[in-house]
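Here's the letter readout for the chains.
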Amino acid sequence: YLRFGNYELHPSSKEILNIKTGAVEKLTEREVSIIQYLYKAQNKPISKTELLQNVWEYNADVSTHTIETHIYRLRKKVEKDDMETPLIAAEDGGYKLVR
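Residues numbered from 1 in each chain as written. Predicted model: local features only at pLDDT ≥ 70, side-chain atom pairs only at ≥ 80, totals over all residues. Heavy atoms only, no water.

1. Looking at the sheet that holds strand β6 (residues 88–91)
The strands making up a sheet are joined through hydrogen bonds of the backbone, oriented either antiparallel or parallel. Taken in spatial order, the 3 strands of this open sheet run β5-β7-β6, and their pairing is antiparallel. Either end of the sheet is taken by a strand with one partner, and the two such strands are β5 (46–47) and β6. Along the sheet, helix α1 (residues 29–40) makes contact with β5, β6 and β7 (94–97), crossing β7 at roughly 85°. Relative to the sheet, helix α3 (residues 66–79) contacts β6 and β7, its axis offset from that of β6 by approximately 140°. (Pairing = 2+ DSSP bridges. Helix = DSSP H or I, 4+ residues; strand = E, 2+ residues; numbered from the N terminus. Contact = heavy atoms within 4.5 Å. Axes fitted to C-alpha atoms, helices over the stretch in contact; angles between N-to-C directions.)

Structural data, given as structure tokens:
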């Protein structure tokens, strides 16, 4: 599993645990991939273009709201019971995990 901030991601079961509240949420394969990619970046903001290229394998020229939609849904799902513990932060035109 991957541990960051108040969360533990269990990729094989596609679940994320909020350590503080004990809440467990099921994730989609793509949501797990987003978190894993941001985790590997080690606190460096990742641009939307980089996420599209590496998580979705889209061409850099593609204009889409896919990233924003997935990040929004992921935040709503995971942060719904604990708004004080954010999962993903928007920073410098990209996203990073809150550690």
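2. With respect to empty space enclosed by the protein
By the definition in use, this model includes 1 cavity of 30 Å³ or more. Size it by volume and the largest cavity reaches roughly 70 Å³. Together, Tyr7, Ile16, Leu17, Asn18, Thr21, Ala23, Val24, Glu25, Lys77, Val78, Lys80 and Asp81 line the largest cavity. Within the residue set of the lining of the largest cavity, elements represented by two or more residues are β3 (15–18), β4 (24–26) and α3. Examining the composition of the lining of the largest cavity, we find that 3 residues originate from one element, β3, more than from any other. (1 Å grid on protein atoms, 1.4 Å probe; cavity = no way out; pocket = protein on both sides within 12 Å on 5 of 7 lines; lining within 4 Å. Points joined across faces, edges and corners; volume = space filled by probe spheres on them.)

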